[in-house]
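# Structural characterization, general
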Amino acid sequence: KERNAKDESATSDPLLANTDAMLRNADLAGRSANVASAEATDASGIDGALSALSVGGGGADDEHPEKRVKALHRAFEERMMPEMKRDFPGLRKAQYQEKIFQIWKKSPENPMNRPNV
């Protein structure tokens, strides 16, 4: 009785009919797809497991470093602050930050200075 009601609603709703058709024709769906994917990857050890879990192509080429400019600048600033305090004692924090930012704009560590961006 429930199956008949479901079939009737599927025929009246084209979206539901399309979803049912896709699920019937799918070779692997749900858990069976996950099991097949796990069997296809050789993830022995921590490095293998992490590379199997990563979505990207391994992460060797950073495709969008411009999205991480703020974090990279903050790390650069933290690394440069002691050096700036040693070279220019007595400045205010904002002055140190301004000097560091001027260096950052020309730095090769800045992803906006890289030729491929």
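Each remark here, short or long, concerns the structure printed above.
As a starting point, this report considers the structure included with it.

About the criteria used
- Residues numbered from 1 in each chain as written.
- Predicted model: local features only at pLDDT ≥ 70, side-chain atom pairs only at ≥ 80, totals over all residues.
- Heavy atoms only, no water.
- Helix = DSSP H or I, 4+ residues; strand = E, 2+ residues; numbered from the N terminus.
- Buried < 20%, exposed > 50% of the residue type's maximum accessible area, 1.4 Å probe, protein only.
- Contact = heavy atoms within 4.5 Å.
- Axes fitted to C-alpha atoms, helices over the stretch in contact; angles between N-to-C directions.
- Parallel < 35°, antiparallel > 145°, perpendicular 65-115°, else oblique.
- Left-handed = near helix turned anticlockwise from the far one by under 90°.

So, on to the environment of lysine 99. Considering the arrangement of structural elements, one finds lysine 99 in helix H6 (residues 93-106). Under the relative-accessibility criterion, lysine 99 is labelled partly exposed at 33%. Between the alpha carbons of lysine 99 and phenylalanine 88 there is a distance of 9.9 Å; along the sequence they are eleven residues apart. Not counting residues within four places of it along the chain, the set of residues in contact with lysine 99 comprises Met84, Phe88 and Leu91.

Packing of helix H5 (residues 69-87) against H6 brings their axes to within 9 Å, and their N-to-C directions diverge by 120°. On the basis of the axis angle, H5 is oblique to H6. By crossing handedness, the relation of H5 to H6 is classed as right-handed. Here Val69, Leu72, His73, Phe76, Glu77, Met80, Met81, Met84 and Lys85 of H5 lie close against H6, whose contacting residues are Tyr96, Gln97, Lys99, Ile100, Phe101, Ile103 and Trp104.

All right, on to the side chain of histidine 73 then. Inspection of the secondary structure assignment puts histidine 73 in helix H5. Discounting residues that sit within four places of it in the chain, histidine 73 has contacts with Phe101 and Trp104.

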